[in-house]
Amino acid sequence: MYKDIVKQKFNEIRKNYKKQDILVLGIESSCDETSIAVVRNGRERLSNVIATQIDIHARFGGVVPEVASRNHLLALDTVLEEALTKANVTLEDIDAIAVTYGAGLVGALMVGVSYAKALSYATNKPLIAVNHIKGHISANYLTYPELKPPFVSLIVSGGHTALVKVNDYTKNTLLGSTIDDAVGECYDKVAKTLGLGYPGGIVVDKKAHEGENNIKFVSHEILPNTFDFSFSGIKTSIINYVHKLKQAGKEIPVNDICASMQAQVVGELVNKSIGACNKCKSKTLVVGGGVSANSALREELSRAGEQNGIKVYFPEIKLTGDNGAMIASEGYFMAINGEGLAGLDLTPAPNINLKWERRKEKL
Ligand code: KG4
Ligand code: ZN
């Protein structure tokens, strides 16, 4: 019986992980990247194949959910085959299948979750339900083999912005999060207003280096005395600024807008992150998510960390965006702690965050 076999195999992972290698297959399809990876012992990438749909969505100026779902479906078989071939393993060698079940686009998640359930059923391998946001933290376990909790983590992606106290591999406390837009979303929307295309974060980052921080978009302190963030004020202020210049037929100082926005947004992220570390008496800060590729964030946070005696970790650039390896890594740490085993009734949780954990699935 499937249920009994996978339960037994799942328990064996916890019993045996110190004596034998554990291979986890990680499947990611929450947004516009179809990715599958094979990871050994939560730390070592044997493969990490990423099929990006950026070119498909760029012409629409952003991700079109239905188009994303259909392209995940088209890509998955090929991506799996490549991930197994590159890792030089077969499905038989895999110990568990980890899949992103939230947060993300419901249709896109549905494709990955259904694919993972079918694979799990066909191979009798345990299925592990992974929270994508936590996966972004685990990208650092792949980059730094010596990195261990506890630490404070700053998660900055297209869908989330949060400060978290990571107490253990599977236990965390939410310190604060955005009350409106995520920081990546703010970058993307500003980029769109400036006609810089999708995804905009990397372009705004580049243009920021060619401009000057000489426009003040928000003059008040944002959500003082909390670890919460708000980015919709600066976004709206920039959009209004650009529209006014356009109406007056004036030139748009694109590079200065990018430089000013970047300085203000990064300033917020740095202040709150260092504040959270000090509050938690943590000497380690771990950053994750697409925006952790940002050059100013890397520079400013590393400098502030040095000044405050805090070591700051960023994932290697190719692990900042969405990828299957971070899901496999997170799935490994869940499995060796006896957590996350999902049944065939697993459904996508598009709005999951770090506060709202998955209900206990019954096998
Ligand atoms: O983590 P991610 O790949 O997807 C989500 O889980 O949302 O993050 C994507 C976000 C996009 O908003 C993108 O514009 C942003 O990360 N991003 C950047 C940079 N590179 C990617 N934002 C600022 N500077 C960058 N260099
Ligand atoms: Zn992500």
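Residues numbered from 1 in each chain as written. Chains lettered and ligands numbered in written order. Predicted model: local features only at pLDDT ≥ 70, side-chain atom pairs only at ≥ 80, totals over all residues. Heavy atoms only, no water.

So, on to the coordination of the zinc ion (ligand 2). Donor atoms from the polypeptide that coordinate the zinc ion (ligand 2) comprise His132 (NE2), His136 (NE2) and Asp322 (OD), at 2.0 to 2.1 Å from the metal. Counting along the primary sequence, the residues that act as donors to the zinc ion (ligand 2) give the motif H-x3-H-x185-D. Of this pair, histidine 132 sits in helix α5 (residues 132-143) while aspartate 322 is found in the loop between β10 (311-313) and α11 (324-336), placing the two residues 190 residues apart along the sequence. Residue histidine 132 shares its accessibility class with aspartate 322, and that shared class is buried. (Donors = N, O, S within 2.8 Å, 3.2 Å for Na, K, Ca; no water. Helix = DSSP H or I, 4+ residues; strand = E, 2+ residues; numbered from the N terminus. Buried < 20%, exposed > 50% of the residue type's maximum accessible area, 1.4 Å probe, protein only.)

Another point: the confidence of the model for the chain. On average, residues of the chain score 95 in pLDDT, and 98% of them are at 70 or above. Confidence over residues 358-363 falls short of pLDDT 50; this stretch has 20 contacts with residues more than four positions distant or in other chains. (pLDDT = per-residue confidence, 0-100. Contact = heavy atoms within 4.5 Å.)

Spatial strand order, β3-β2-β1-β4-β5-β11: six strands in an open sheet with mixed pairing. The sheet is open, and its two edges are formed by β3 (44-52) and β11 (341-342), each paired on a single side. As paired strands, strand β1 (residues 23-28) and strand β4 (residues 96-102) are joined by four bridges and run parallel to one another. Looking across to β4, one finds that valine 24 is bridged to alanine 96. Along the sheet face, helix α4 (residues 106-123) touches β1, β2 (33-40), β4 and β5 (127-131) and points at about 160 degrees away from the line of β4. (Pairing = 2+ DSSP bridges. Axes fitted to C-alpha atoms, helices over the stretch in contact; angles between N-to-C directions.)

The axes of two packed helices give the description: the angle between them and the distance between them. The contact between α5 and α11 brings their axes to 7 Å, and the two run at 90 degrees. Classified by the interaxial angle, the pair formed by α5 and α11 is roughly perpendicular. Across the interface between the two elements, His132, Lys134, Gly135, His136, Ser138, Ala139, Tyr141 and Leu142 of α5 pack against Ala325, Met326, Ile327, Ser329, Glu330 and Phe333 of α11. The residue makeup of the contact of α5 with α11, split by class, is seven nonpolar, five polar and two charged. (Parallel < 35°, antiparallel > 145°, perpendicular 65-115°, else oblique. Nonpolar A, V, L, I, M, F, W, Y, C, P; charged D, E, K, R; others polar.)

A cis geometry characterises the amide bond from glycine 102 onward to alanine 103, with omega recorded as -10 degrees. Secondary-structure assignment places alanine 103 in the loop between β4 and α4. Cis geometry marks the peptide bond from proline 149 to proline 150, where omega comes out at 10 degrees. Along the chain, proline 150 turns up in the loop between α5 and β6 (151-156).

Before going further, it helps to examine the sheet that holds strand β8 (residues 172-177). Within the open sheet, the five strands sit side by side as β8-β7-β6-β9-β10. Their pairing is mixed. One side of each edge strand has no neighbouring strand; the edge strands of this open sheet are β8 and β10. Direction aside, the axes of adjacent strands within the sheet are offset by 20 degrees on average. Sheet analysis places β6 next to strand β7 (residues 161-166), joined by six bridges and oriented antiparallel. Across the sheet, residue valine 156 finds its bridge partner in β7, namely threonine 161. Most of the contacts of helix α9 (residues 254-280) go to β6, to which it runs at about 160 degrees, and overall it touches β6, β7, β8 and β9 (284-288).

Moving on, we get to the side chain of serine 273. With respect to the helices and strands, serine 273 occurs in helix α9. A distance of 2.6 Å separates a polar atom in the side chain of serine 273 from the backbone oxygen of leucine 269. Leave out the neighbours within four places in its chain, and serine 273 touches Leu154, Leu163, Leu285 and Leu301. (Polar contact = N/O pair within 3.5 Å; in protein donor to acceptor, adjacent residues only side chain to side chain.)

Attention now goes to the layout of surface pockets. The calculated volume of the largest pocket comes to roughly 1400 Å³. Taken together, 43 residues line the largest pocket, and the ones lying closest to its centre are Ser157, Gly158, Asp188, Tyr198 and Pro199. The set of elements that each furnish at least two residues to the lining of the largest pocket consists of α5, α6 (183-193) and α7 (201-208). In terms of residues, the lining of the largest pocket owes the most to one element, α6, which gives six residues. (1 Å grid on protein atoms, 1.4 Å probe; cavity = no way out; pocket = protein on both sides within 12 Å on 5 of 7 lines; lining within 4 Å. Points joined across faces, edges and corners; volume = space filled by probe spheres on them.)

Time to look at the side chain of asparagine 71. Tracing the backbone through its elements, the reader meets asparagine 71 in helix α3 (residues 65-87). A polar contact of 2.8 Å, which involves the side chain of asparagine 71, links it to the backbone oxygen of valine 67. Beyond its immediate chain neighbours, meaning those up to four positions away, asparagine 71 contacts Thr34, Gln53 and Ile56.

Another aspect to go through is α7. Working note: α-helix, 3.6 residues per turn, so residues spaced by three or four point in the same direction. Of all the residues in α7, the buried ones are Val204, Asp205 and Ala208. Seen end-on, α7 carries its buried residues on one side only, within an arc spanning 105 degrees. The outward face of α7, more than 90 degrees from its buried face, is lined by the exposed residues Ile202 and Lys206. (Arc of directions from axis to C-beta.)

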